[in-house]
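Architecture at a glance
One letter stands for each residue in the lines below.
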Amino acid sequence: MVVVTKQLLDAFIACCVGRRDEYAYQRSDGRYARAGCPLTYDVVYRHLQGVQTIGSYLIDEHGLCRFAVFDSDASSGLVDLLQVQSQLAGVGVPSYLEQSRRGAHLRVFFRDPASPALVCRWLLPFCPDGVEFYPKQNALSERVPLGSLVRLPLGVHRVTGECYPFVAWSHGQFVPVAASLADMLAWFSTVLRVPVPASIPLPVADQATPTTPRTIPFTSVPSETTLTIRDWCRQHDPVAMIGRYVALDQKGMGCCPFGWHHNDGVDAHPSLWVYRPSYPDLCCWYCHAWKQGGSLFDFFRYYYGLSARELWSHILAGGHF
Ligand SMILES: [Zn+2]
C-alpha cells in the first residue's frame, strides 16, 4: 500500500480532477460508467491504490476547466506529443507527458479555472492531426450535461493491469519522472500550473452581433506566393479540421460555435453540418439556424474573429490550426 497524505492528494486533485460532484469508473472492458455520486478523497485514494480506476469529467460544475489534454492513440504518441510539448514550451507553456495504454497524453495544468471555449482557442492550434484534444466541448449544455471524460492519471488500467507514469525525455529515452507512485504523487506539488491568457482573439460571435451575415470573398492573395486561399481550402479535410474544434457526430453534425445567431448565444441543439465539398465548390459547413455556411477559411475567420487578410497572413506564416 502506498502512503498517501491529504497534502499529496490535494496537489494531485488540483491538477487532474475536473468535476467534483460526479465521476465515472472504468469497467473491466475498459469502458467507463457514470458513478452517480461525488468524487471524494476516498474515491481518489482507492484509484491510486489500484482498487478502482476512475475518469474525471474535465468541465466542472461551474462550466470551467483546470487542465487540458492532448491525447494520441498512435504508437508514436510519445514522440508526437514530445514535439507538441516542445512547441508549447516555445511559447512559455509548460506541459507534461504521460504514457497511456496505446500512446500518450500531454497535459497542461492551469493556475485558475478557465472557460473551455477560451482554452480551445488558446491550445487547439497546437493540436496535430490525428490527436484528440480535451476539453472537447466549448461549454456544457442540456444535450451535453457532463462533457468529456479523461482517465485520472496513476491508476491501474482495468484492461492491461498497468499503471502508466508521467515521463520526461532524457538522454535519448523516455524515463519516468519519479521512481515510485509515492514520489510521482509528490512530483505533482512541483508541476507548473500556467495562467490561461485573457488576450486570445475572440470569435466574432463573442464580440458583436453583425447586422448582416457576411460571405467572405476569395480575393486576398498576397503577391509573393502562388498559393491561393482556394488552394489552401482544397488541401485540407474540413471534417477533420473543424472536427478538432467542434465535436461532430458520424453525420458531421455538431453544435455551432458561432453563438450570435442562436438563442442565448449558444447552439443547444446541433445545428452545424460539416461535410466534404464537391469541388469546385468550397463550401464545407452550414448552420441550419443561421441558414448560412462557407468554406474552411470562412470557418476560421469567424472562429478567431480575424479579417481575411489577418487569417491569410497567419496561414502564410506557417500558422496551424
Ligand atoms: Zn449557428
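Structure first, text after, so check above.
Computed from a predicted model, the values in this text were never measured in an experiment.

Right, let's get into the packing of aromatic side chains. Throughout the structure, instances matching the rule amount to 28 aromatic pairs. With a centroid separation of 5.7 Å and 25° between ring planes, the pair formed by Phe299 and Tyr303 is classed as stacked. Of this pair, Phe299 and Tyr303 both sit in helix H9 (residues 296-304), four residues apart, roughly one helical turn. With respect to class, Phe299 is no different from Tyr303; both count as buried. Seen in terms of ring centroids, Tyr303 and Tyr304 are 5.3 Å apart; in terms of plane orientation they differ by 70°. Their pairing is edge-to-face. When its relative accessible area of 2% is taken as the criterion, Tyr303 is described as buried. By way of ring pairs, the aromatic residues Tyr245, Phe258, Trp285, Trp290, Phe299, Phe300, Tyr302, Tyr303 and Tyr304 are connected into one cluster. Of note, Lys136 hangs over the ring of Tyr134, and the distance from its end group to the ring centre comes to 5.1 Å.

Below, the discussion takes up the packing of helix H1 (residues 6-16) against helix H2 (residues 41-48). Contact geometry of H1 with H2 gives a least axis separation of 11 Å together with a crossing angle of 90°. Taken as axis vectors, H1 and H2 run roughly perpendicular relative to one another. Residue-level inspection shows Lys6, Leu9, Asp10, Phe12 and Ile13 of H1 in contact with H2, the latter providing Tyr41, Val44 and Leu48. When the residues that make up the contact of H1 with H2 are grouped by side-chain class, the tally is six nonpolar, no polar and two charged.

On to the packing of H9 against helix H10 (residues 308-316). Where H9 meets H10, the closest approach of the two axes is 10 Å, and the angle between their N-to-C directions is 110°. If you check the angle between H9 and H10, you find them roughly perpendicular. From H9, Phe297, Phe300 and Arg301 reach across to H10, where they touch Ala308, Leu311, Trp312 and Ile315. Split into classes, the residues belonging to the contact of H9 with H10 amount to six nonpolar, no polar and one charged.

Glancing now at the coordination of the zinc ion. Ligation of the zinc ion by protein atoms is provided by Cys256 (SG), His261 (NE2), His262 (NE2) and Cys287 (SG), these donors lying 2.0 to 2.3 Å from the ion. Seen from the zinc ion, its four donor atoms lie at angles of 96 to 122°, and the figure they make is tetrahedral. Look at where the donors of the zinc ion fall in the sequence and you get C-x4-H-H-x24-C. Residue His261 is classed as buried on the basis of its relative accessible area, which comes to 18%.

Here we take up the environment of Phe299. Residue Phe299 is classed as buried on the basis of its relative accessible area of 0%. With near-sequence residues (within four places) excluded, Phe299 lies in contact with Ile242, Tyr245, Val246, Pro257, Phe258, Leu272 and Trp285.

Cut-offs used in this document
Residues numbered from 1 in each chain as written. Predicted model: local features only at pLDDT ≥ 70, side-chain atom pairs only at ≥ 80, totals over all residues. Heavy atoms only, no water. Phe/Tyr/Trp six-rings, centres within 6.5 Å; stacked < 30°, edge-to-face > 60°. Helix = DSSP H or I, 4+ residues; strand = E, 2+ residues; numbered from the N terminus. Buried < 20%, exposed > 50% of the residue type's maximum accessible area, 1.4 Å probe, protein only. Lys NZ or Arg CZ within 6 Å of the ring centre and 35° of its normal. Axes fitted to C-alpha atoms, helices over the stretch in contact; angles between N-to-C directions. Parallel < 35°, antiparallel > 145°, perpendicular 65-115°, else oblique. Contact = heavy atoms within 4.5 Å. Nonpolar A, V, L, I, M, F, W, Y, C, P; charged D, E, K, R; others polar. Donors = N, O, S within 2.8 Å, 3.2 Å for Na, K, Ca; no water. Tetrahedral: all angles 85-135°; square planar, octahedral: opposite > 155°, others 65-115°.

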